[in-house]
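# An overview of the molecular structure
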Amino acid sequence: MVETLRPLQSVHVTTSSIDMKPAKLKVENVFKVFGDNPKGALDLVAKGLNKDEIFAKTGHTIGVNNASFEVFKGEIFVIMGLSGSGKSTLVRLLNRLIEPTTGDIFIDNENITLISEKQLRQTRREKISMVFQSFALLPHMSVVENAAFGLTLDGYDKKESQQKALDALEQVGLEAYADSYPSELSGGMQQRVGIARALATGSEIMLMDEAFSALDPLIRTEMQDELIKLQEKAQRTIIFISHDLDEAMRIGDRIAIMEQGNIVQIGTPEEILRNPETEYVESFFKGVSISEVLSAKHIINRKFFTISKKDSQGIKTISRLLDDSDYDYAFITNSDKQFIGVATMETLQTASKTTDKVEDAYLSNVSTIDYETPLNELIGLMAEAPCPLPVVNEHKQMIGVMTRAKLLKALDPT
């Protein structure tokens, strides 16, 4: 009987696409009608009348029209649309700041449209927090007191709430300003305090309603970067409202586009760019160059074979693991998931004739790609690449690979 070699714990195939994660929040057939006779307005919706026609007939406004979608754990889900499209109404339905007219909203499979006011307050304290466009900081309170304000309202004692607030301020890089006052901070720093207030509650879902739109463009970009970095560390589920296409594509794992209360398309930035489903969606992207707007992170292949290198692993071990994997390349990383080198069966076999050092089997001229690199800057690099190239985040940790096929497909306008 032949003994099967068990894979080492340091070996894994990375497959981290969003659709493999469980739904953290789910919305099913949600309507919001503003007016005193919502049933009459919904009857007109059923007959096919649009938002403007219903308002003309009844004076009622369809804020959200039959919204259904899922947001996955650890995802940044951006809801965007023009003014009056219903995006801000929709986000307020998710924590019942506005009550839905009909439909169901689930958080961790619990229907929050059915729970009591007491249970809802508990859900808001523990599971879902909100960051508004206005910083809403209290000028007479210090930064740490502002960050702890929500906890204080929830009845936490001062010592515990301040410690949680300090931890949250550290996450957004403001721990040194804990004793300062809002007037002493820049606009971007004030918005970070607003984010820290949401983080301090420990909530798993963050609702962000036009959170950066009041900031200057440069600060706004910095805050978007900070949000991405924060997300990599904490992996919260974020629903982000925006009217800005560049912002949505920069931070969003997926984007939902709204028109007249309707969600007209949901997809990754690449999917929507390549296949807009309506003229309204297409108008958002008119004149947009895919190669300039999309970056490496949007089209990486998240399924690849990695080996976290140990000193005890030589060429024969790596060769056996790669041979059993059904992959062509073994991407070698350190214990922090930072890329070290890449080997193939051919390079491993050649190197094994003279050495047992895995380093001698690495392919040469393999460059890493920063995940924010625009696609138009990758064409020359990929043309010369001897293999799929590792894509890394700002910590130099490997998060995927870039292949010629993926790049060419993304750049193909047909």
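Residues numbered from 1 in each chain as written. Predicted model: local features only at pLDDT ≥ 70, side-chain atom pairs only at ≥ 80, totals over all residues. Heavy atoms only, no water.

## Examining the overall build of the chain
For clarity, the cut-off: Comment: elements are numbered from the N terminus, with helices defined as DSSP H or I runs of at least four residues and strands as E runs of at least two. Any two residues having at least one pair of non-hydrogen atoms within 4.5 Å are treated as being in contact. We get accessible surface area from the Shrake-Rupley algorithm with a probe of 1.4 Å; when it comes to residues, only the shown protein chains can shield them. Under the convention used here, Asp and Glu are negative, Lys and Arg are positive, and both His and the chain ends fall outside the count. The atoms used to mark charge sites are NZ of Lys, CZ of Arg, CG of Asp and CD of Glu.
Along its length, the chain carries 18 helices and 17 strands. Considering only C-alpha atoms, the chain reaches an extent of 80 × 55 × 50 Å along its principal axes. Long-range contacts, defined as pairs at least 24 residues apart, comprise 67% of the intrachain contacts of the chain with a sequence gap of at least 6. Put simply, the chain shows about 20,600 Å² of open surface, and 48% of that area lies on carbon and sulfur atoms. Side-chain charges of the chain comprise 45 positive and 59 negative groups, with the mean position of each set lying 4 Å from the other.

## Focus: the packing of aromatic side chains
Note the following rule: Put simply, two rings from Phe, Tyr or Trp (the six-membered ring, in Trp's case) pair if the centres are within 6.5 Å, and we call them stacked under 30 degrees between planes, edge-to-face over 60, tilted for the rest. Think of it in three bands: with a 1.4 Å probe and only protein chains considered, a residue is buried below 20% of the maximum accessible area for its type, exposed above 50%, and partly exposed in between.
Throughout the structure, instances matching the rule amount to 5 aromatic pairs. Residues F304 and F331 carry aromatic rings whose centres are separated by 6.3 Å and whose planes lie at 85 degrees to one another, so their mutual orientation is edge-to-face. Placement of F304 in strand 12 (residues 303-308) and of F331 in strand 13 (residues 330-333) is noted, with a sequence separation of 27 residues between them. Since its relative accessible area comes to 3%, F331 is described here as buried. Centre to centre, the rings of Y329 and F331 are 6.5 Å apart; their planes meet at 45 degrees, and the pair counts as tilted. Given the relative accessible area of 24%, Y329 is considered partly exposed. Through pairs of rings, three or more aromatic residues link up here, namely F304, Y329, F331 and F339.

## Quick word on the sheet that holds strand 4 (residues 76-81)
Stated precisely, the cut-off is as follows: By definition, two strands form a pair when at least two bridges between them are found by DSSP. Orientation is described by axes fitted as lines to C-alpha atoms, over the contacting stretch for helices, and by angles from 0 to 180 degrees between their N-to-C directions.
Reading across from one edge, 7-8-9-4-10-11 is the order of the 6 strands in this open sheet, with mixed pairing throughout. At either margin of the open sheet sits one strand with a lone partner, and together these are strand 7 (128-131) and strand 11 (262-267). On average, each strand axis in the sheet is tilted by 20 degrees relative to the strand beside it, whichever way the strands run. Relative to strand 8 (residues 205-209), strand 7 runs parallel, the two sharing 4 bridges. Its bridge partner being in strand 8, M130 is matched across the sheet by L207. Here helix 8 (residues 187-200) sits on the sheet and contacts strand 7 and strand 8; the angle it forms with strand 7, its principal contact strand, is near 170 degrees. Most of the contacts of helix 9 (residues 217-234) go to strand 9 (residues 237-242), to which it runs at about 160 degrees, and overall it touches strand 4, strand 8 and strand 9.

## Brief notes about the packing of helix 8 against helix 9
To be explicit about the condition: Angle categories are assigned with fixed cut-offs, so that under 35 degrees is roughly parallel, over 145 is roughly antiparallel, 65 to 115 is roughly perpendicular, and the rest are oblique. Each helix crossing is assigned a hand: it is left-handed if the near helix lies turned anticlockwise from the far helix by less than a right angle, otherwise right-handed if that turn is clockwise. The classification used treats Ala, Val, Leu, Ile, Met, Phe, Trp, Tyr, Cys and Pro as nonpolar, Asp, Glu, Lys and Arg as charged, and all other residues, Gly among them, as polar.
With their axes 10 Å apart at the nearest point, helix 8 and helix 9 run at an angle of 25 degrees to one another. With respect to helix 9, the axis of helix 8 lies roughly parallel. Two packed elements cross with a definite hand, and for helix 8 against helix 9 that hand is right-handed. Together, G188, Q191, R192, I195 and L199 of helix 8 and I219, M223, E226 and L230 of helix 9 make up the contact between the two elements. Classifying every residue of the contact of helix 8 with helix 9 by side-chain character gives 5 nonpolar, 2 polar and 2 charged.

## A short note on the confidence of the model for the chain
Detailed reading of the predicted model is not advised wherever pLDDT is low. Our working definition: A residue's pLDDT is the confidence the predictor assigns to it, expressed on a 0 to 100 scale.
Considering every residue of the chain, the mean pLDDT works out to 84; 92% of them sit at 70 or more. Per-element confidence in the chain is highest for strand 5 (residues 102-107), whose mean pLDDT is 96, and lowest for strand 1 (residues 11-15), whose mean pLDDT is 39. A low-confidence stretch, residues 1-20 (pLDDT under 50), is modelled with 37 contacts involving residues beyond four sequence positions or located in other chains.

## Describing the nonpolar core
For the record, the criterion: Here the nonpolar core consists of buried residues drawn from Ala, Val, Leu, Ile, Met, Phe, Trp, Tyr and Cys, with membership extended through side-chain atoms lying within 4.5 Å.
One finds I195, M208, F212, F240, I257, F285 and M402 to be the most contacted residues of the largest nonpolar core, which totals 73 residues. In this structure F285 touches L245, M249, I257, I272 and L273, once residues within four positions along its chain are discounted. V30, I79, L90 and I105 belong to the second largest nonpolar core, which has 27 residues in total.

## Notes on the packing of helix 15 (residues 315-323) against helix 16 (residues 345-352)
Packed helices, taken two at a time, are described by the angle their axes make and the gap between the axes. Contact pair helix 15 / helix 16: the axes reach a minimum separation of 10 Å and the direction vectors enclose 155 degrees. As judged from the angle between their axes, helix 15 and helix 16 are roughly antiparallel. Along this stretch, helix 15 crosses helix 16, giving a crossing that reads as left-handed. Contacts between helix 15 and helix 16 involve I315, I318, S319, L322 and D323 on the former and, on the latter, M345, L348, A351 and S352. For the contact of helix 15 with helix 16, a count of residues per class yields 6 nonpolar, 2 polar and 1 charged.

## Some details on the sheet that holds strand 6 (residues 110-111)
The 4 strands lie next to each other as 3-2-5-6, forming an open sheet whose pairing is antiparallel. Two strands in the sheet have a free side with no partner beyond their single neighbour: strand 3 (61-72) and strand 6. Relative to strand 5, strand 2 (residues 23-34) runs antiparallel, the two being bridged by 5 bridges. Looking at the pairing, E28 lines up with D104 of strand 5.

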